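# Analysis of the macromolecular model
The lines below spell out each chain.
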Amino acid sequence: METFTATYLDHNATTPVKPAVASLMLETLGFPGNASSIHKAGREARRRIEEARQTIATFVNAGPRDVIVFTGGATEANNLALRGSGMARIVVSAIEHPSVLQSVDNKEIIPVLPSGLVDLEALDRMLTGNTEQTLVSIMLVNNETGVIQPLEEISKITRRHGALLHTDAVQAAGRVPLDIQKLGADFLTLSAHKMGGPQGVGCLVVANCVTVAPLLRGGNQEKSLRAGTENLAGICGFAKAATLVDFDTDHKHAVLRDKIEAELKAIAPSLKIFGFEAPRVHNTSMFSLPGASSEMQLIALDLAGICVSNGSACSSGTVKPSHVLKAMGASDAEAAASLRVSLGWNTSPQDVDYFIVKWSEMYNRIKSRIGAA
Ligand code: PMP
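What you are looking at is a predicted structure, and each value in this text was computed from that prediction instead of being measured.

### Details of the overall build of the protein
- When helices and strands are tallied, the protein shows 13 helices and 14 strands.
- The C-alpha extent of the protein, read off along each of the three principal axes, is 70 × 60 × 40 Å.
- By the burial criterion, 56% of the 373 residues in the protein qualify as buried.
- Taking contacts inside the protein between residues at least 6 apart in sequence as the whole, the part at least 24 apart equals 70%.
- Surface summary for the protein: the accessible area is close to 16200 Å², and the carbon and sulfur share equals 55%.
- Mean positive and mean negative side-chain charge positions of the protein (35 and 37 charges, respectively) differ by 3 Å.

Next up, the structure:
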């Protein structure tokens with residue numbers, strides 16, 4: 001297999017599988033058991049899945065009555081929560097991932113403040129006098145800006161109004177400690193591939209015996225909440241990744257992220273950093289260089305072997321400005337000039353230095369064109 005060499009700074013899109021996860025998965029892939037079979041191999045597959053479930057339960061501090069449903073990733077888990085909850089009214093924040101925003105047709109949108117934090121007064125108003133059964137969905141950490149929402153405060157509001165709360169904690173996993181009981185969420189979504197595990201596996205944690213209807217029907221797997229043979233290697237890899245979460249390494253990212261922001265801002269004073277005033281996870285920086293399109297920046301950096309991302313969703317060749325930045329009050333021009341750098345478990349200080357050098361070279365090439373100097 002060809003070795004992949006690039007300066008990879010796009011860990012919020014997906015983070016490489018950690019070597020110990022890969023070797024456990026390889027071992028598991030060679031194992032024949034189907035967890036629904038009653039013979040020895042089946043029983044061993046079942047044992048491994050239940051052990052993984054317990055590991056994930058510990059990872060999120062699930063209570064004894066909470067249920068963990070393994071899914072084919074966070075998109076499915078988000079859909080299971082929003083569509084399976086059976087609530088008449090769905091209320092979601094304006095900055096949710098498309099797998100929340102697109103999962104139901106009729107939803108109400110909670111605005112966010114320019115800082116990227118959800119407008120809690122607006123949420124309170126939206127829930128006041130509510131008589132319909134309501135599910136509120138607010139992500140714990142935003143994938144574009146890294147802004148952390150005050151979920152404990154949010155759950156006090158939702159509980160006061162008798163609404164259920166779902167949180168997409170995909171980008172929080174491994175970056176902030178997760179405690180579903182403290183957070184006060186009724187549903188919590190995780191995805192393995194954002195925390196050093198494999199793509200295509202995740203889970204929905206369903207708290208306090210809240211009922212949820214399955215999206216997939218068929219066999220009785222996952223307590224009939226998700227039919228289909230379990231992804232044994234994926235589930236084992238997911239749990240292994242949870243045991244390898246290392247907050248010390250993550251905290252070191254703050255130094256590297258802050259270095260990127262300070263140096264880029266010194267080079268280009270017009271740079272705007274999104275979510276700067278709000279609590280953010282340590283690994284993420286989203287900024288905009290007015291006049292320099294995201295595509296141009298992405299291509300220039302890609303040519304230098306650097307993988308980063310922008311805040312725009314690309315579909316059929318058209319680039320739409322990021323709905324997250326727009327919701328925070330950014331102009332179309334700002335949103336169209338955004339770049340996201342996200343660090344991860346194997347990011348080195350050299351990667352960050354190389355990025356700064358190449359970004360600065362790009363800036364020097366274009367600064368007269370964008371009227372910056
Ligand atoms: N929620 C968030 C916040 C995400 O960042 C992502 C992945 N981009 C998802 C959900 C979807 O996850 P998955 O790829 O596992 O379906």
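### Here we look at the nonpolar core
- In terms of nonpolar packing, the biggest core is built from 62 residues, with Phe59, Phe70, Val136, Leu140, Leu178, Leu190 and Phe238 touching the most fellow members.
- Split by domain, this core shows at least three residues from each of two domains, domain 1 (7–15 + 246–366) and domain 2 (19–243).
- Other than its neighbours up to four places away in sequence, Phe238 contacts Ile56, Phe70, Leu190, Ser191, Ala192, Met195, Pro198, Val201, Gly202 and Cys203.
- In this structure, Ile260, Leu271, Leu339 and Ile356 belong to the second largest nonpolar core, which totals 26 residues.

### Let's talk about the environment of Val245
- Along the polypeptide, Val245 turns up in the loop between helix 8 (232–243) and helix 9 (247–267).
- Here the alpha-carbon distance between Val245 and Ala163, two residues 82 residues apart in the chain, equals 32 Å.
- Setting aside chain neighbours within four positions, we find Val245 in contact with Lys18, Phe59 and Gly174.

### Points about the domain arrangement of the protein
- Domain annotation for the protein reports domain 1 (7–15 + 246–366) and domain 2 (19–243).
- The straight-line distance from the C-alpha centre of domain 1 to that of domain 2 is 27 Å.
- Counting from both sides, the interface comprises 26 residues of domain 1 and, opposite them, 30 residues of domain 2.
- Summing both partners gives a buried area of about 2200 Å² for domain 1 against domain 2, and 58% of it is carried by carbon and sulfur.
- When the buried area of domain 1 at its contact with domain 2 is split by residue, Phe247, Val281 and Met328 rank highest and sum to 24% of it.
- Counting every contact that joins domain 1 to domain 2 gives zero salt bridges.
- Counting across the domain 1 and domain 2 interface gives 13 residue pairs in polar contact (both at pLDDT 80 or more).
- Elements that contribute at least two residues to the side of domain 1 that touches domain 2 include exactly helix 9, strand 10 (284–288) and helix 11 (323–327).

### Some thoughts on the packing of helix 5 (residues 120–127) against helix 6 (residues 151–160)
- At a closest axis distance of 10 Å, the pairing of helix 5 and helix 6 adopts a crossing angle of 15°. When the interaxial angle is binned, helix 5 and helix 6 end up roughly parallel. As for how helix 5 packs across helix 6, the hand of that crossing is right-handed. Contacts from Leu120, Leu123, Asp124 and Leu127 in helix 5 reach Glu153, Ile154, Ile157, Thr158 and Arg160 in helix 6.
- For the contact of helix 5 with helix 6, the class distribution of residues is five nonpolar, one polar and three charged.

### Some words on the site of the ligand
- Close to the ligand lie 14 residues, the nearest being Thr75, Asp168, Gln171, Ser191 and Lys194.
- Between the ligand and Ala74, the relevant distance is 2.8 Å, taken from an oxygen atom to a main-chain nitrogen or oxygen of the residue.
- At 2.8 Å from an oxygen atom of the ligand is found a side-chain nitrogen or oxygen belonging to Gln171.
- A class-by-class count of the residues in the shell around the ligand yields three nonpolar, nine polar and two charged.

### A closer look at the pattern of salt bridges
- Summed over the entire model, instances satisfying the criterion amount to 18 salt bridges.
- A salt bridge links Glu27 to Arg48, with the nearest nitrogen and oxygen atoms 3.6 Å apart. Highlighted residues: Glu27 in helix 1 (residues 19–29) and Arg48 in helix 2 (residues 40–59), separated in sequence by 21 residues.
- Here Arg48 falls in the buried class, since its relative accessible area comes to 16%.
- Its salt-bridge partner being Glu50, residue Arg53 comes within 2.8 Å of it at the nearest N-O pair.

### Topic: the state of the cysteines
- Going through the model one piece at a time under the given rule, you end up with zero disulfides.
- With no disulfide of its own, Cys203 lies 14 Å from the sulfur of Cys236, the closest cysteine sulfur.
- Looking at Cys203, the relative accessible area reads 0%, which means it is buried.

### Points about the pairing of strand 14 (residues 338–342)
- With five of five residues buried, strand 14 is to be regarded as a mostly interior element.
- Every second residue of strand 14 is oriented toward a common face, with Ser338, Arg340 and Ser342 on one face and Leu339 and Val341 on the other, all of them buried.
- Note that strand 10 and strand 14 share five bridges and pair antiparallel. In the strand pairing of strand 14, Ser288 is matched with Ser338.

### Looking at the sheet that holds strand 9 (residues 272–273)
- Here three strands make up an open sheet; going across it, the order is 9-10-14 and the pairing antiparallel. Both edges of this open sheet fall to strand 9 and strand 14, since each of them pairs with a single strand only.

### Side note on helix 13 (residues 349–366)
- Taking 1.5 Å of rise per residue, the 18 residues of helix 13 would be expected to cover 26 Å, and the 26 Å separating its terminal C-alpha atoms lies within 8% of that figure.
- Listed in full, the buried residues belonging to helix 13 are Asp351, Val352, Phe355, Ile356, Trp359, Ser360, Met362, Tyr363 and Ile366. All buried residues of helix 13 lie within an arc of 160° about the axis, which places them on one face of the element. Residues of helix 13 that are exposed and point more than 90 degrees away from the buried face comprise Gln350 and Arg365.

Reading the values: the criteria
- Residues numbered from 1 in each chain as written.
- Predicted model: local features only at pLDDT ≥ 70, side-chain atom pairs only at ≥ 80, totals over all residues.
- Heavy atoms only, no water.
- Helix = DSSP H or I, 4+ residues; strand = E, 2+ residues; numbered from the N terminus.
- Buried < 20%, exposed > 50% of the residue type's maximum accessible area, 1.4 Å probe, protein only.
- Contact = heavy atoms within 4.5 Å.
- Areas by Shrake-Rupley, 256 points an atom, 1.4 Å probe, with all protein chains shown as cover.
- Lys, Arg positive; Asp, Glu negative; His and termini not counted.
- Charge placed at Lys NZ, Arg CZ, Asp CG, Glu CD.
- Core = buried A, V, L, I, M, F, W, Y, C linked by side-chain atoms within 4.5 Å.
- Domains from an automatic or database assignment.
- Buried area = accessible area lost by both parts, 1.4 Å probe.
- Salt bridge = Lys/Arg side-chain N within 4 Å of Asp/Glu carboxyl O.
- Polar contact = N/O pair within 3.5 Å; in protein donor to acceptor, adjacent residues only side chain to side chain.
- Axes fitted to C-alpha atoms, helices over the stretch in contact; angles between N-to-C directions.
- Parallel < 35°, antiparallel > 145°, perpendicular 65-115°, else oblique.
- Left-handed = near helix turned anticlockwise from the far one by under 90°.
- Nonpolar A, V, L, I, M, F, W, Y, C, P; charged D, E, K, R; others polar.
- Near = heavy atom within 4 Å.
- Disulfide = S-S within 2.5 Å.
- Pairing = 2+ DSSP bridges.
- Expected span 1.5 Å × (residues − 1).
- Arc of directions from axis to C-beta.

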